[in-house]
Amino acid sequence: MKKRIFFLALVSLLLAVSCGDDSKSLPVDNQPVNDEAVTDETTNDEAVNDETTVDETVTDTVVTDNAVTDETVVDETGDDVLSDGEQPDEDMTPDPLVQHLVGVWAQKVELFADGNVPVVNDVVLRTDKIVRITIKEEGGKAILAERPQTCYMETVIVEGNSIAKTITTYFPEKFRNYFFYIPPEDLKEPKPALEYSGTPDNFSFKMNRWWEMRGAYFQGENGTTPFDIETEMITDKNDPRIFDHDEDGKAGMTFEIKSSIASGLIWGVIKSYMEVTSTSGVNDRIEGSSLWQQYEMVIDVDNPLFAGDRTIQPHTEGNTMVMVRIDPSDDCAAINEKKDTLFEK
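Residues numbered from 1 in each chain as written. Predicted model: local features only at pLDDT ≥ 70, side-chain atom pairs only at ≥ 80, totals over all residues. Heavy atoms only, no water.

Q: What is the right way to read the state of the cysteines from this model?
A: Two cysteines form a disulfide when their sulfur atoms are joined by a covalent bond. Within this structure, the stated rule accounts for 1 disulfide. The disulfide partner of C151 is C332, and the S-S distance across this bridge is 2.0 Å. One quick way to see it: the torsion about the S-S bond of C151 and C332 is about -65°, and its sign makes the bridge left-handed. One end of the pair, C151, is in strand β6 (residues 149-159); the other, C332, is in helix α4 (residues 332-337), and 181 residues separate them in sequence. Neither C151 nor C332 differs from the other in exposure class; each is buried. (Disulfide = S-S within 2.5 Å. Helix = DSSP H or I, 4+ residues; strand = E, 2+ residues; numbered from the N terminus. Buried < 20%, exposed > 50% of the residue type's maximum accessible area, 1.4 Å probe, protein only.)

Here it is as structure tokens:
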């Protein structure tokens, strides 16, 4: 009996020694980081419980009904936080009229003037001009994306003798689009290029006065003497500020006159201004009036019949304007192809 008890005691001792050796032979990767991080105290029920076991690296956000309510609207971009019932800033709300005006428009103006021209003397002239206008949005406002592009321009005589009524003045592409453009923002009394108000189905629209200078420098280019585009004009055909603006080998700007009795080219310096104001803006059509002025100084002609001064006094009333929205892919060629019906109601 004593031997049996002794034998059992010996076996127990050997087992205890064997377990102690296994705890020292674990691979390095499986061992605790340090003795302080994992101790016998962290394995009892008091040390490990719901309150003390917290993952500090990645915490869970508890979302309750109180976290997001009708009173708190959070912009996830982090830009703004609006409370229920608060009105957004003005620059956060797109203006419906601005969004409506953005796009490409074709504008036709009919400009009337009393004139005194060589051969036929006193007449009434009408200039038809079609312009392609692109409007974009910038800073919440509608602005011109580029200066207007003139697609078509001709002058006819609507009142005068029978010969006069056969006269047409043609303006080639370079005359139409080679010019110095002085926008409303650069004048002595600056204004925005566009002014508008209302809603897309009932709005007013205005293109404030801008100037165009053809055939002469006016800002001191190439060392020349500048002059005030709003109040001064070239008056001497030998003025050093005159240059070949349309690059056809002749000083100034070139246009052509054709009639039943004669035709010819005229070279000159021309400055003009125009502004348009709508009386009715509804959806994709704008109607209104135009105000304009033009000053000419003839440098030379190739037909002596057209030599002499040309004076033009624009009408202050009766000048019409129509704008219609067009497909952005429509260039000047497409506009001119359908110009006879494009502006009809």
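Additional details are given in the paragraphs that follow.
Q: What am I meant to see in unusual backbone geometry here?
A: Note: most residues except glycine have negative phi, and most peptide bonds are trans. Positive phi is not limited to glycine here, since V119 has a value of about 80°. Looking at the secondary structure, you find V119 in the loop between β3 (103-117) and β4 (121-138). A positive phi angle, close to 60°, is found at E247, a residue other than glycine. Looking at the element boundaries, E247 is found in the loop between β10 (202-214) and β11 (253-258). Residue classification places E247 among the exposed positions, given a relative accessible area of 57%.

Q: I tried to follow the environment of K165 on my own but got confused; where do I start?
A: Inspection of the secondary structure assignment puts K165 in the loop between β6 and β7 (168-170). Counting along the chain gives 41 residues from K165 to V124, while the straight-line C-alpha distance between them is 9.6 Å. If we ignore the near neighbours within four places in the chain, the residues touching K165 are I157, V158, E159 and G160. (Contact = heavy atoms within 4.5 Å.)

Q: What's the story with the nonpolar core in this structure? I'm lost.
A: Soluble globular proteins tend to pack their nonpolar side chains together in the buried interior. L101, I135, F205 and M207 are the most contacted members of the largest nonpolar core, which totals 25 residues. For this core, the secondary structure elements donating two or more residues are α2 (96-101), β3, β4, β5 (141-144), β10, β12 (263-282), β13 (285-301) and β15 (320-326). Those residues within four positions of L101 in sequence are excluded, and the remaining contacts are I135, A142, Y196, F203, F205 and R325. Ranked by size, the runner-up nonpolar core spans 18 residues in total, among them V123, M253, A262 and I270. (Core = buried A, V, L, I, M, F, W, Y, C linked by side-chain atoms within 4.5 Å.)

Q: Got a minute to help me understand the pattern of salt bridges in this structure?
A: Should their charged atoms come close, side chains of opposite charge can pair. With the rule as written, the count across this model stands at 16 salt bridges. In this structure, K174 and E247 form a salt bridge, with 4.0 Å as the shortest nitrogen-oxygen distance. A residue pair is termed long-range when its members are at least 10 positions apart, and K174 in helix α3 (residues 173-177) and E247 in the loop between β10 and β11 qualify at 73 residues. The shortest N-O distance in the salt bridge between K345 and E287 comes to 3.4 Å. (Salt bridge = Lys/Arg side-chain N within 4 Å of Asp/Glu carboxyl O.)

That's the geometry; what it means functionally is another story.
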